[in-house]
Amino acid sequence: KRQELNDTFLRLCRKLELLEEEIARLETEKTEITSQWERPEVAADTEAVMELTSRFQQTDRQLETCFTQWADLSEKIEETEARIQEEAERNVSGS
């Protein structure tokens, strides 16, 4: 049971790490889109502005989804840590 909890904990931590990398990538993409908007030749091009707006909104939605997943994973990690701690205390008191 303890090994199973440890495996679950490590798997959740790895998922969280990958999610944090995705969040960083999406935040960078939003920054890049914003800097493109600020270029005068882009700001004057209605079609380019519409495309950038669409990309920005899509990226923002993806980011929102990632943040929700991050919160859920963080909660699961905390719960798993608590279960590992309980199991360890049970093993110490049961010895």
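As the structure is a computational prediction, the values presented were derived from the model and not from experiment.

With that settled, the discussion passes to the overall build of the chain. Each helix and strand counted, the chain has 3 helices and 0 strands in total. Walking the chain from its N terminus toward its C terminus, one meets helices and strands in the order α-α-α. For the chain, whose C-alpha radius of gyration is 21 Å, the value lies well above the compact-globule estimate of 12 Å for 95 residues. Counting only C-alpha atoms and orienting by the principal axes, one finds that the chain spans roughly 75 × 15 × 15 Å. Within the chain, the fraction of its 95 residues that count as buried is 25%.

What follows covers the nonpolar core. Of all hydrophobic cores here, the largest spans 12 residues; its members are Leu 5, Phe 9, Leu 12, Leu 16, Leu 19, Ile 23, Leu 26, Leu 63, Cys 66, Leu 73, Ile 77 and Ile 84. Elements that contribute at least two residues to this core include exactly helix H1 (2-37) and helix H3 (46-94). Among the elements that make up this core, the one with the highest residue count is H1 (7 residues). Contact partners of Phe 9, with chain neighbours within four places excluded, come to Ile 77, Thr 80, Glu 81 and Ile 84. Counting residues in hydrophobic clusters, the runner-up holds 5 residues, among them Ile 33, Ala 48, Leu 52 and Phe 56.

Before going further, it helps to spend a moment on the packing of aromatic side chains. Counted according to the given criterion, the structure contains 1 aromatic pair. Arranged with centres 5.1 Å apart and planes meeting at 45°, the rings of Trp 37 and Phe 56 form a pair that is tilted. One end of the pair, Trp 37, is in helix H1; the other, Phe 56, is in helix H3, and 19 residues separate them in sequence.

Attention now goes to the pattern of salt bridges. Under the counting rule described, the total for this entry stands at 6 salt bridges. The partner of Arg 14 in a salt bridge is Glu 17, and the shortest N-O contact between them spans 2.6 Å. Here Arg 14 pairs with Glu 17, and both are found in helix H1, just 3 residues apart, close to one helical turn. Under the relative-accessibility criterion, Glu 17 is labelled partly exposed at 39%.

Thresholds applied
- Residues numbered from 1 in each chain as written.
- Predicted model: local features only at pLDDT ≥ 70, side-chain atom pairs only at ≥ 80, totals over all residues.
- Heavy atoms only, no water.
- Helix = DSSP H or I, 4+ residues; strand = E, 2+ residues; numbered from the N terminus.
- Rg over C-alpha atoms; globule rule 2.2 N^0.38 Å.
- Buried < 20%, exposed > 50% of the residue type's maximum accessible area, 1.4 Å probe, protein only.
- Core = buried A, V, L, I, M, F, W, Y, C linked by side-chain atoms within 4.5 Å.
- Contact = heavy atoms within 4.5 Å.
- Phe/Tyr/Trp six-rings, centres within 6.5 Å; stacked < 30°, edge-to-face > 60°.
- Salt bridge = Lys/Arg side-chain N within 4 Å of Asp/Glu carboxyl O.

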